[in-house]
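# Tertiary structure, described
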Amino acid sequence: MLIVQKYGGSSVGNIERIKNVASRIADYRSKGHKVVVVVSAMAGVTDGLIKMAKELMPIPNERELDMLLATGEQTTIALAAMALNSMNIPAVSLTGAQAGIVTDGVHTKAKIRNITPKKIHSLLDEGNVVIVAGFQGETPDGQITTLGRGGSDLTAIALASALKADLCQIYTDVDGVYTADPRIVPNARKMEEISYDELLELASAGAKVMQSRSVEFAKKFKVVFEVKSSMNNNPGTIVKEETKSMEDVVIRGVALDKNQAKVTVVAVPDKPGIAAQIFKALADATINVDMIVQNVSHGNGIRTTDVSFTVDKADLLKAKKVIDGLKETIGFKDIITDENIAKLSVVGVGMRSHSGVAAKMFDSLAKEGVNINMISTSEIKISVVIDIAAAEKATRTVHNAFIG
Ligand code: ADP
Ligand code: ASP
Ligand code: MG
């Protein structure tokens, strides 16, 4: 079998753990499998690199940021290869570019355009374990890019697809996908399986167990994969196409995202085309906007309205700068930003055929005295923006109400 395994930051967080990962890889190889391994930077390294960059420049040059961040994974591939070599197992490390991962040029959020895994195949045929740096690629003209936070998941899924792997395993520091983050909700339950759509909604709602773009990719190319722990041999969670029995469950999981910030553009003229200008400018700056709320307009004469939206905290300064740049053309009064918010979501495909989910969610929050700031819904998800201070307790409350 050809197996793609991905080990996240905490699984390779120190030399002891890298040795532990090497033994696991050695085990699979000794059973006659070909193994391609994707690794993340060691736990905390990417955050540390970003922090240093921001000490020099609050909005770092994104080409240079990618150059810097790619070093995190490069450290781990070399160490992992050495760990295997020290066990007399032939292993070769490859950067994203060397592995044939070609991306577009959107630094810090690049999309994979194609993968030419020729080098990987030839190294495998020679009997090597191939260790690929996650989270990075190269543009057609040789610029190093990164794939967005958590992007090693995407590297693994995309490689599994390109290599037509028989098995794709995502090793992390929890036993699988739970009904909520087990660090916040101690009685959360591990799921045996989950559909792409549900995991995609959970991931985009902030459940960082998988990067959402990687789940999107897996769905598109039908890559079945397993999320499991690198610290034990417990069965994990299988992620695959939706099956009939999955619809019986109304709420599959609860997710909390503490990485969002809210931006309010105050007193925007209430006339056609203004919202388009704001969100086009943000899109042109490759800032992803999540929730949007426009308030009722007020004032006599030229009526104005407030437009609020949420973005990743990491994009907040950039978003503020972009909106500031529109002040002359649009003529709003002020920009207010709020980082003390969190987004809480419930997700389940069963929501399509069951009513009353929103009412139950809002009711449980009201009973806890949690105020709802913004609301958005999709076919299988309801999200609310709440105060960050109440967020973890609210997550337990909502989990209790739906899952127990
Ligand atoms: P890795 O470094 O392996 O990529 P991450 O830290 O990115 O690991 O993701 C694993 C973490 O995701 C877990 O430690 C857990 O706290 C968090 N998490 C959030 N939501 C969930 C969920 N529904 N199920 C499992 N883990 C979750
Ligand atoms: N090291 C990168 C990050 O911390 C990518 C990853 O871990 O998947 O976001
Ligand atoms: Mg991760």
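Below or above, wherever it landed, is the structure these notes cover. (Residues numbered from 1 in each chain as written. Chains lettered and ligands numbered in written order. Predicted model: local features only at pLDDT ≥ 70, side-chain atom pairs only at ≥ 80, totals over all residues. Heavy atoms only, no water.)

## Quick notes on the packing of helix α11 (residues 357–367) against helix α12 (residues 391–402)
As a packed pair, α11 and α12 sit with axes 9 Å apart at the nearest point and diverge in direction by 135°. Taken as axis vectors, α11 and α12 run oblique relative to one another. Note on packing geometry: the crossing formed by α11 with α12 is right-handed. Residues Val357, Lys360, Met361, Ser364 and Leu365 of α11 lie in contact with α12, whose contacting residues are Ala394, Thr397, Val398, Ala401 and Phe402. Among the residues making up the contact of α11 with α12, the classes are represented as 7 nonpolar, 2 polar and 1 charged. (Axes fitted to C-alpha atoms, helices over the stretch in contact; angles between N-to-C directions. Helix = DSSP H or I, 4+ residues; strand = E, 2+ residues; numbered from the N terminus. Parallel < 35°, antiparallel > 145°, perpendicular 65-115°, else oblique. Left-handed = near helix turned anticlockwise from the far one by under 90°. Contact = heavy atoms within 4.5 Å. Nonpolar A, V, L, I, M, F, W, Y, C, P; charged D, E, K, R; others polar.)

## What about the site of ligand 2?
Residues in close proximity to ligand 2 include Ser40, Ala41, Thr46, Glu73, Phe135, Arg149, Gly150, Gly151 and Ser152, which together make up its full environment. Note that an oxygen atom of ligand 2 is positioned 3.2 Å from one of the side-chain N or O atoms of serine 40. At 2.9 Å from an oxygen atom of ligand 2 is found a main-chain nitrogen or oxygen belonging to glycine 150. Split into classes, the residues belonging to the shell around ligand 2 amount to 2 nonpolar, 5 polar and 2 charged. (Near = heavy atom within 4 Å. Polar contact = N/O pair within 3.5 Å; in protein donor to acceptor, adjacent residues only side chain to side chain.)

## Quick look at the sheet that holds strand β10 (residues 193–195)
By way of backbone hydrogen bonds, the strands of a sheet pair with one another, either parallel or antiparallel. Strand order in the open sheet made by the 8 strands is β3-β6-β2-β1-β9-β11-β12-β10, with mixed pairing throughout. On the outer flanks of this sheet lie β3 (91–94) and β10, each paired with one strand and no other. This sheet shows a mean twist of 20° between the axes of neighbouring strands, independent of strand direction. In this sheet, strand β11 (residues 225–229) lies alongside strand β9 (residues 167–172) in parallel orientation, the contact comprising 4 bridges. Along β11, the bridge assignment pairs tyrosine 171 with lysine 228. Contacting β1 (2–7), β2 (34–39), β6 (129–133), β9 and β11, helix α1 (residues 15–30) runs over the sheet at an angle of about 170° to β1. (Pairing = 2+ DSSP bridges.)

## Some words on the environment of glutamate 368
By secondary structure assignment, the location of glutamate 368 is in the loop between α11 and β19 (374–378). Sequence spacing of glutamate 368 and leucine 69 is 299 residues, and the spatial spacing of their C-alpha atoms is 41 Å. Leaving out residues up to four positions away in the same chain, glutamate 368 has contacts with Lys393 and Thr397.

## Here's the deal with the environment of asparagine 128
One can find asparagine 128 in the loop between α4 (118–125) and β6. C-alpha separation for the pair asparagine 128 and threonine 337, spaced 209 residues apart in sequence, amounts to 51 Å. Not counting chain neighbours up to four residues away, the residues in contact with asparagine 128 comprise Val35, Pro90, Ala91, Val92 and Leu123. In terms of polar contacts, asparagine 128 uses its side chain to reach the backbone carbonyl oxygen of leucine 123, at 2.9 Å.

## Side note on the sheet that holds strand β13 (residues 253–257)
If you walk across this open sheet you meet the 4 strands as β13-β18-β20-β19, and the pairing is antiparallel. For this open sheet the edge positions go to β13 and β19, each flanked by a neighbour on one side alone. Across the sheet, the mean angle separating the axes of adjacent strands is 20° when strand polarity is ignored. The strands that helix α6 (residues 196–204) touches are β13, β18 (341–347), β19 and β20 (381–387); relative to β18, the one it contacts most, it runs at about 170°.

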